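In case you want the letters, here they are:
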Amino acid sequence: MLLNTTILAVLSGLFGLGILIIFAAFAVPRVMSNRFVEDADGTKRIGSVAEAQVLSAMVADLGKSIGKEKGDLEELLRKSGYIYQSPQEYYARRIYTSLITAVLGGALGYFLDLGFVITASLVTGGLFYGFSMPSRAVQKSIKTRRERIQDEMGFGLEQLVNLLNTGTSLSDSLSQMRDFGLFGKICDTVSSGLQTNKEIDSIVNDVTNSVPAPAQLREFLGLIKQSQIGGEVQVHAMQTMARMLRQRLSNRILEIGGRAKVKAVLVNTMIIVLASLIIIGVPGVSMFMGIGFF
């Protein structure tokens, strides 16, 4: 029995792995024929197997062939705060997590003796679920950073307005915001660009390419650009934006609190129902057993 179950688990794993390899097979020819190496002087040439690191390249193309990322992966990683240090690490993590979740799915089917079809489905599902985990982690990090910028802007803009109202220049006011979280780092980047007479369009592009810029941040950068072109800082517009963002944060906190309250009520209800079933069910079963009903 144990031998049959072991064979079943192995066959299930091979079945799921075979499906993954079918998709991966289309990536191999491109890897073997179109891999270039850039030398120190900037020239490009076809590299050897060792230089081109074909195994890493195959992992990268494998990821692209099964689930190509929307947009530029380098840009996504940059905007996520480099949750993975490089595309190579990102694609390697895809393979690692897919194998781990596949093994877990196979182990579940093995210990529960679920049969070949269900076990193979668990292994296959584990492969694809694990394969998508790094992508979801990147998107979650981007969303978190975007919301963090919006939250920090509500109070950061108010502090910036206070500095401007004291007569401090725009670049100096932005520089003094450097410790105000992620938004403060953005302000410091803008300040450094202004102090070095960098083109305002280039400064804006540097910021929007490095962080997941929400609409409010783009509007804020537009106000800075307008102040550089027109020569007048839009203090009132920044103050209005700060008030709106603080109200948004307050509404979001209330929404999160409301969802938490609903979850707490559901958990309490389930506990009460379970306790009621135990209190009523146990004596009832005992009574029926006493009269020979079971």
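These numbers come from a predicted model, not from an experiment.

A.B. asks: For the overall build of the protein, give the residues involved together with the corresponding values.
C.D. replies: When its secondary structure is counted, the protein shows twelve helices and two strands. Across the protein, helices and strands are ordered from the amino to the carboxyl terminus as α-α-β-β-α-α-α-α-α-α-α-α-α-α. By residue count, 34% of the 294 residues in the protein fall in the buried class.

A.B. asks: Outline the pattern of salt bridges, listing residues and values.
C.D. replies: For the coordinates displayed, the defined rule picks out eight salt bridges. Among the salt bridges present, the one from lysine 79 reaches glutamate 75, with a minimum N-O distance of 2.9 Å. Residue lysine 79 and its partner glutamate 75 are located together in helix H5 (residues 73-79), separated by four residues, close to a single helical turn. Residue lysine 79 is classed as buried on the basis of its relative accessible area, which comes to 14%.

A.B. asks: Describe in detail the nonpolar core, supporting the description with residues and values.
C.D. replies: Counting 32 residues, the largest nonpolar core has Met153, Leu157, Leu174, Leu217 and Phe220 as the members making the most contacts within it. Per element, the largest residue contribution to this core is seven residues, and it comes from helix H7 (residues 116-165). Here leucine 217 is in contact with Ile149, Met153, Phe183, Ile186, Val207 and Val211, once residues within four sequence places are set aside. Ranked by size, the runner-up nonpolar core spans eight residues in total, among them Leu73, Tyr91, Val138 and Ile142.

A.B. asks: I'd like a rundown of the packing of aromatic side chains, residues and numbers included.
C.D. replies: The description of two aromatic rings rests on the distance between their centres and on the angle between their planes. Under the definition given, this model contains four aromatic pairs. Look at tyrosine 84 and tyrosine 90: their rings are 5.8 Å apart centre to centre, the planes differ by 70°, and that puts the pair in the edge-to-face class. Residue classification places tyrosine 84 among the buried positions, given a relative accessible area of 8%. Judged by centre distance (5.1 Å) and plane angle (85°), the ring pair of tyrosine 110 and phenylalanine 111 falls under edge-to-face. One aromatic cluster in this structure is built from Tyr84, Tyr90 and Tyr91. Directly above the ring of tyrosine 129 sits arginine 136, whose terminal nitrogen or CZ lies 4.4 Å from the centroid.

A.B. asks: Describe in detail the confidence of the model for the protein, supporting the description with residues and values.
C.D. replies: Predicted confidence across the protein gives a mean pLDDT of 76, with 69% of residues reaching 70 or more. Considering each helix and strand of the protein separately, the mean pLDDT is smallest for helix H2 (residues 28-33), with a value of 37, and largest for helix H9 (residues 181-195), with 92. A low-confidence stretch, residues 24-37 (pLDDT under 50), is modelled with 26 contacts involving residues beyond four sequence positions or located in other chains. Contacts from residues 39-53, a stretch scored under 50 in pLDDT, to residues over four places away or in other chains number 16 contacts.

A.B. asks: So what's going on with the packing of H7 against H9? Residues and values would help.
C.D. replies: For the pair H7 and H9, interaxial distance at closest approach is 7 Å and the crossing angle is 75°. On the basis of the axis angle, H7 is roughly perpendicular to H9. Only Gly181, Leu182, Phe183 and Ile186 of H9 make contact with H7, whose side of the interface consists of Arg145, Arg148, Ile149, Glu152, Met153, Gly156 and Leu157. Of the residues that constitute the contact of H7 with H9, the class distribution is six nonpolar, two polar and three charged.

A.B. asks: Explain a nonpolar patch on the surface to me, and be specific about the residues and the numbers.
C.D. replies: A cluster of nonpolar residues, Leu108, Leu112, Leu114, Phe116, Val117 and Ile118, forms a patch on the protein surface that exposes about 530 Å² of accessible area. Those elements giving two or more residues to the nonpolar patch turn out to be helix H6 (87-112) and H7. Residue contributions to the nonpolar patch peak at three residues, all from H7.

A.B. asks: Requested: an account of helix H11 (residues 215-230), with residues and values cited.
C.D. replies: Because an α-helix completes one turn every 3.6 residues, residues spaced three or four positions apart along the sequence face the same direction. In a regular helix each residue adds 1.5 Å, so 16 residues correspond to 22 Å; H11 covers 22 Å between its end C-alpha atoms and thus fits that length. Those residues of H11 that sit buried are Gln216, Leu217, Phe220, Leu221, Leu223, Ile224 and Ser227. The buried residues of H11 occupy one face: seen down the axis, they fall within an arc of 150°. The exposed set on the far side of H11, more than 90 degrees from its buried face, consists of Ala215, Ile229 and Gly230. Looking at the residues trailing H11, positive phi occurs at glycine 231, about 85°.

A.B. asks: Provide a residue-level description of the packing of H9 against helix H10 (residues 200-210), including the pertinent values.
C.D. replies: Look at H9 against H10: their axes get within 10 Å of each other, and the N-to-C directions meet at 155°. Of the possible angle classes, the one that applies to H9 and H10 is roughly antiparallel. Between H9 and H10 lies a crossing of right-handed hand. Where H9 approaches H10, its residues Ile186, Thr189, Val190, Gly193 and Leu194 are matched on the opposing element by Ile200, Ile203 and Val207. Each residue belonging to the contact of H9 with H10 can be placed in one class, and the counts come to six nonpolar, two polar and no charged.

Analysis parameters
- Residues numbered from 1 in each chain as written.
- Predicted model: local features only at pLDDT ≥ 70, side-chain atom pairs only at ≥ 80, totals over all residues.
- Heavy atoms only, no water.
- Helix = DSSP H or I, 4+ residues; strand = E, 2+ residues; numbered from the N terminus.
- Buried < 20%, exposed > 50% of the residue type's maximum accessible area, 1.4 Å probe, protein only.
- Salt bridge = Lys/Arg side-chain N within 4 Å of Asp/Glu carboxyl O.
- Core = buried A, V, L, I, M, F, W, Y, C linked by side-chain atoms within 4.5 Å.
- Contact = heavy atoms within 4.5 Å.
- Phe/Tyr/Trp six-rings, centres within 6.5 Å; stacked < 30°, edge-to-face > 60°.
- Lys NZ or Arg CZ within 6 Å of the ring centre and 35° of its normal.
- pLDDT = per-residue confidence, 0-100.
- Axes fitted to C-alpha atoms, helices over the stretch in contact; angles between N-to-C directions.
- Parallel < 35°, antiparallel > 145°, perpendicular 65-115°, else oblique.
- Nonpolar A, V, L, I, M, F, W, Y, C, P; charged D, E, K, R; others polar.
- Patch = residues over 30% accessible without salt bridge, like charges linked within 9 Å, V, L, I, M, F, W, Y side chains within 5 Å.
- Areas by Shrake-Rupley, 256 points an atom, 1.4 Å probe, with all protein chains shown as cover.
- Expected span 1.5 Å × (residues − 1).
- Arc of directions from axis to C-beta.
- Left-handed = near helix turned anticlockwise from the far one by under 90°.

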